[in-house]
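Survey of secondary and tertiary structure
Listed below are the residues making up each chain.
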Amino acid sequence: MNIILASASPRRRELIKLITNDALCISADIDESLPDGIEGESSPEFLACQKALFIAKDHPDSLVIGCDTAVFIDGLMLNKPNDENDAFNMLRLLSGRTHKVITGCCLVKGKKTMSFSCTSNVKFFDLSEEQILNYIATGEPMDKAGAYGIQEKGSLLVEKIDGDYFNIVGLPVSMLNLQIKNFKENF
């Protein structure tokens, strides 16, 4: 069965190789605005489904995997920062606190669809203004939800995690691998 990862993320493209070396990666260029009625923490799974369905319509014989990751704190969803000031405000909000990272995944083949979410908790160290500004100066926060990447220099901000590390990077590989096997056996 051909597998397509509906993602432009270089991190996800690397991580899918832990499951299969044969996945084709196609960017799902969709409108990521949320319709009314989609709650914050359910938005990653909703967007993952939108991405998978968008690619699946042109590849009905392939197993298409869509993913979306978001950071949540105090009921707020932290997307990718708009600018350095936005990144600073996000990192200051996360400083010394625990937040959730939720990745939604969706598997589609033909008319069959299943989806799930994976949640990990991340606690940041108390960060000084200088630490935040130095991290922003790396440019790393600008294309990542919550303004940090745990797999890079952002790892220095993290005191501890509870949950799947790879989920925080953007692809919960062990859970996804199990769900792919389940999907193949039951659908």
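1. Describing the nonpolar core
Judged by nonpolar contacts, the single largest core of 40 residues is most densely connected at I65, L91, L107, F124, Y148 and L176. Broken down by secondary-structure element, the contributors of at least two residues to this core are β1 (3–6), β3 (63–73), α3 (84–94), β5 (98–109), β6 (112–124), α4 (129–137), α5 (165–169) and α6 (173–186). For F124, the contacting residues outside a window of four places in its chain are L91, L94, S95, G96, R97, H99, Y148, L157, V158 and E159. I4, I55, V64 and C106 belong to the second largest nonpolar core, which has 12 residues in total.

2. A word on the pairing of β5
Burial of β5 is extensive: nine of the 12 residues sit out of reach of the surface. Alignment of β3 against β5, held across nine bridges, turns out to be antiparallel. Within the sheet, the bridge partner assigned to C67 lies in β5 and is C105. In this sheet, β6 lies alongside β5 in antiparallel orientation, the contact comprising 12 bridges.

3. With respect to the packing of aromatic side chains
Using the criterion set out here, one finds two aromatic pairs in the structure. Ring geometry for F124 against Y148: centres 4.8 Å apart, planes inclined by 75 degrees, an arrangement best described as edge-to-face. With a gap of 24 residues between them, F124 in strand β6 and Y148 in the loop between α4 and β7 (158–162) connect regions that are remote in the sequence. Look at Y148 and you get buried, because its relative accessible area is 5%.

4. Quick look at a nonpolar patch on the surface
Among the surface-exposed residues, L18, I161, Y165 and F166 lie close enough to one another that they form a single nonpolar patch of about 340 Å² accessible area. Note that L18 resides in the loop between α1 (10–15) and β2 (24–25). Relative accessible area serves as the criterion here: at 57%, L18 is assigned to the exposed category.

5. Quick notes on the pattern of salt bridges
Under the definition given, this model contains eight salt bridges. For K51, the salt bridge is made with E32, and the minimal N-O distance between the two is 3.8 Å. In this pair, K51 is assigned in helix α2 (residues 43–56) and E32 in the loop between β2 and α2, connecting sequence segments 19 residues apart. One salt bridge connects D143 with K144, and the closest N-O pair in it is separated by 2.8 Å. Put simply, E32, K51 and D68 are held in one network by salt bridges that share partners.

6. Section: the environment of P172
With respect to the helices and strands, the residue P172 is situated in the loop between α5 and α6. C-alpha separation for the pair P172 and G96, spaced 76 residues apart in sequence, amounts to 25 Å. Ignoring sequence-local partners within four residues, the contact set of P172 consists of T103, C105, F116, C118, D164, F166 and N167.

7. Quick look at α3
Inspection of α3 places A87, F88, M90, L91 and L94 among the buried residues, and these make up the whole buried set. Mapping the buried residues of α3 onto a view down its axis gives an arc of 165 degrees, with all of them on the same face. Packing partners of the buried residues in α3 comprise β3, β4 (76–78), β5, β6 and α4. A side-chain oxygen of the first residue of α3 lies 3.2 Å from the backbone nitrogen of N85; this N-cap is D83. Trailing α3 by a residue or two, G96 shows a phi angle of about 70 degrees, which is positive.

Procedures and definitions
- Residues numbered from 1 in each chain as written.
- Predicted model: local features only at pLDDT ≥ 70, side-chain atom pairs only at ≥ 80, totals over all residues.
- Heavy atoms only, no water.
- Core = buried A, V, L, I, M, F, W, Y, C linked by side-chain atoms within 4.5 Å.
- Buried < 20%, exposed > 50% of the residue type's maximum accessible area, 1.4 Å probe, protein only.
- Helix = DSSP H or I, 4+ residues; strand = E, 2+ residues; numbered from the N terminus.
- Contact = heavy atoms within 4.5 Å.
- Pairing = 2+ DSSP bridges.
- Phe/Tyr/Trp six-rings, centres within 6.5 Å; stacked < 30°, edge-to-face > 60°.
- Patch = residues over 30% accessible without salt bridge, like charges linked within 9 Å, V, L, I, M, F, W, Y side chains within 5 Å.
- Areas by Shrake-Rupley, 256 points an atom, 1.4 Å probe, with all protein chains shown as cover.
- Salt bridge = Lys/Arg side-chain N within 4 Å of Asp/Glu carboxyl O.
- Arc of directions from axis to C-beta.
- Polar contact = N/O pair within 3.5 Å; in protein donor to acceptor, adjacent residues only side chain to side chain.

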